[in-house]
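One-letter residues, chain by chain:
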Amino acid sequence: MRLGIRAHDMEKAPLDELIKNIHDKGFHCTQLALSKAVYDYKVDIGMMTPGFAMYIKELCTEYKVDICVLGCYLNLCNPDPVKHAEIVEKYKAHIRFASVLGCAVVGTETGAVNTEYKYEPANHSEEALELFIENLRPIVEYCEKMGVIFAIEPVYKHIVYNIERARKVLDAINSPNLQIIFDPVNVLHVGNIHEQDQIIKDAFDILGDDIAVIHCKDYKVEGDELISIPAGQGSFNYPLLMKYIKERKPFVHISLENTKPENAIATRDFMEELYARS
């Protein structure tokens, strides 16, 4: 596996130091959300030039760090038409940027039917799914033109909330440029955590060929909520996940989530030791 970390979970540092620090901590890749990780400049569409992309690419080559995901986690189903138009342009800018950067994928979650980007029951409706597919289609078509993979990440509180719904989106769009970021904890909730082994199996059976990147974190239960914590510190069945990764996804990019600088290396060690034993 190619194990990495989100850049904004690292120590705050200038961009050149940030990429070096990721390498020095023993990570092979990073998920880069420009607006969260880059402190040197205020990154907007105008700044996302080919030159800036080539500068980051040069740093990554020097320190042997892949950009596994260029994050653009914006609500493609924002009902405000002005905001929606702005969001579409931001997605296109990230896609252009990724094409020069040589990034693996542009990644996103799957939105909500409100401007606040929060859970409401309507997110799980068929109407919401149809809207998401309709809004996603031109983004994927733009990716096809630019030679970039677009990967959606199912999340229980969002529109694509389970494995089967993700398959429906893939089949409806029917493009090799649309793939999946699989974060198993994100499709869990208090009502299905006892089914996590089956959910892991289903993900690899139903989505396996289209899984481009895997996110790894863990969870604990507080009341009726799952709280995200670093991998290996909670109740998630990591031995089972690692078995599937080792059998089905050699050299896949895996990005740790919900780590902090003080526990990132311990979490990396947990993942690498478990992978070696799987």
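First, a word on scope: everything that follows refers to the structure included in this document. (Residues numbered from 1 in each chain as written. Predicted model: local features only at pLDDT ≥ 70, side-chain atom pairs only at ≥ 80, totals over all residues. Heavy atoms only, no water.)

1. Notes on the nonpolar core
For clarity, the cut-off: For our purposes a nonpolar core is just a set of buried Ala, Val, Leu, Ile, Met, Phe, Trp, Tyr and Cys residues, chained together by side-chain atoms within 4.5 Å. Residue burial is assigned from relative accessible area. The probe radius is 1.4 Å, only protein chains are included, and a residue is buried under 20% of its type maximum, exposed over 50%, and partly exposed in between. Under the DSSP-based scheme used, a helix requires at least four consecutive residues in state H or I and a strand at least two consecutive residues in state E, with every element numbered from the N terminus. The contact definition used throughout considers only heavy atoms, calling two residues in contact when any of these lie within 4.5 Å.
Core analysis: the largest hydrophobic core is formed by 89 residues, its most contacted members being Leu136, Val169 and Met271. In terms of residue count, the dominant contributor to this core is helix 5 (residues 126-146) (nine residues). Beyond its immediate chain neighbours, meaning those up to four positions away, Met271 contacts Met1, Leu3, Cys216, Ala231, Tyr238, Met242, Ile254 and Leu256. Grouped together as the second largest cluster of nonpolar side chains are seven residues, Cys29, Cys68, Val69 and Ala151 included.

2. Let's talk about the sheet that holds strand 5 (residues 149-152)
Quick reminder of the rule: Between any two strands, at least two bridges found by DSSP are needed for them to pair. Here an angle of 0 to 180 degrees is reported between the N-to-C directions of two axes, which are lines fitted to C-alpha atoms, with helices fitted over the stretch in contact.
Sheet architecture is closed into a barrel: eight strands sit in the order 1-2-3-4-5-6-7-10, paired in parallel fashion. Strand after strand, the sheet turns through a mean of 30° between neighbouring axes, direction not considered. Sheet analysis places strand 2 (residues 29-32) next to strand 3 (residues 66-71), joined by four bridges and oriented parallel. Each residue of the ladder has a partner; that of Thr30, found in strand 3, is Ile67.

3. Some words on unusual backbone geometry
Of note, Tyr117 is a non-glycine position whose phi angle comes to about 55°, a positive value. Its place among the elements puts Tyr117 in the loop between strand 4 (105-108) and helix 5. Here Phe251, not a glycine, exhibits a phi torsion of approximately 70°, which is positive. Along the chain, Phe251 turns up in the loop between helix 8 (238-248) and strand 10 (253-256). Under the relative-accessibility criterion, Phe251 is labelled exposed at 66%.

4. Focus: the packing of aromatic side chains
Where we set the bar: Stacked, tilted and edge-to-face are the three classes assigned to paired rings of Phe, Tyr and Trp, where Trp is represented by its six-membered ring and a pair needs centres within 6.5 Å; plane angles under 30 degrees give stacked, over 60 edge-to-face, the rest tilted. The criterion is that NZ of a Lys, or CZ of an Arg, lies within 6 Å of the ring centre and within 35 degrees of the ring normal, and then a charge sits over that ring.
One pass over the structure, following the stated rule, counts nine aromatic pairs. Between Tyr91 and Phe150 the ring centres are 5.7 Å apart and the planes differ by 70°, which places this aromatic pair in the edge-to-face class. One end of the pair, Tyr91, is in helix 4 (residues 81-101); the other, Phe150, is in strand 5, and 59 residues separate them in sequence. Given a relative accessible area of 0%, Tyr91 falls into the buried group. Judged by centre distance (6.5 Å) and plane angle (20°), the rings of Tyr119 and Tyr156 are stacked. Of this pair, Tyr119 sits in the loop between strand 4 and helix 5 while Tyr156 sits in the loop between strand 5 and helix 6 (163-173), and the two are 37 residues apart along the sequence. Each member of the aromatic cluster is reached from another via a ring pair, and the members are Tyr41, Phe52 and Phe97. The ring of Tyr244 carries the charged tip of Lys243 above its face, separated from the ring centre by 5.2 Å. When the ring centre of Tyr275 is taken as reference, the NZ or CZ atom of Lys246 above it lies at 5.0 Å.

5. Quick word on helix 4
Keep this limit in mind: Any helix carries an expected span of 1.5 Å times its number of residues minus one. Polar contacts here mean pairs of N or O atoms no more than 3.5 Å apart (in protein, one a potential hydrogen donor and the other a potential acceptor; neighbouring residues in sequence count only if both atoms are side-chain atoms).
With 21 residues, helix 4 should reach 30 Å at 1.5 Å per residue; the first-to-last C-alpha distance of 30 Å fits that figure. Within helix 4, burial applies to His84, Ile87, Val88, Tyr91, Ala93, His94, Ile95, Phe97, Ala98 and Leu101. As for helix 4, its buried residues are in contact with helix 2 (34-37), helix 3 (50-63), strand 3, strand 4, helix 5 and strand 5. Looking at where helix 4 begins, the residue whose side-chain oxygen comes 2.9 Å from the main-chain nitrogen of Val82 is Asp80.

6. Details of a negative patch on the surface
Heads up, the rule is: Two distance rules govern patches: like charges are joined within 9 Å, and nonpolar side chains (Val, Leu, Ile, Met, Phe, Trp, Tyr) within 5 Å, applied only to residues with over 30% relative accessible area and no salt bridge. Only the protein chains shown count as cover for residues, and all accessible areas are computed by the Shrake-Rupley method using a 1.4 Å probe. A carboxyl oxygen of Asp or Glu within 4 Å of a side-chain nitrogen of Lys or Arg is what we treat as a salt bridge. Lys and Arg are tallied as positive, Asp and Glu as negative. Neither His nor the chain termini are counted. Charged groups are reduced to one reference atom each: NZ for lysine, CZ for arginine, CG for aspartic acid, CD for glutamic acid.
Residues Asp16, Glu17, Asp40, Glu58 and Glu62 make up a contiguous surface patch of negative charge. Broken down by secondary-structure element, the contributors of at least two residues to the negative patch are helix 1 (15-24) and helix 3. Looking at the element boundaries, Glu17 is found in helix 1.

7. Details of the packing of helix 7 (residues 196-206) against helix 8
Let me state the cut-off plainly: Any angle that is under 35 degrees is reported as roughly parallel, and any over 145 degrees as roughly antiparallel; angles of 65 to 115 degrees are reported as roughly perpendicular and all others as oblique. Helix crossings fall into two classes, left-handed where the near helix is turned counterclockwise from the far one by less than a right angle and right-handed where it is turned clockwise. Three residue categories are used. Nonpolar comprises Ala, Val, Leu, Ile, Met, Phe, Trp, Tyr, Cys and Pro, charged comprises Asp, Glu, Lys and Arg, and polar comprises the others, including Gly.
Direction vectors running N to C along helix 7 and helix 8 enclose 15°, while the axes themselves pass 10 Å from each other. Taken as axis vectors, helix 7 and helix 8 run roughly parallel relative to one another. Pair helix 7 / helix 8 crosses with right-handed handedness. Facing Asp197, Ile200, Lys201, Phe204 and Asp205 of helix 7, the residues of helix 8 in contact are Leu240, Leu241, Tyr244, Ile245 and Arg248. By residue class, the composition of the contact of helix 7 with helix 8 is six nonpolar, no polar and four charged.

All we've got here are geometric facts, nothing functional implied.
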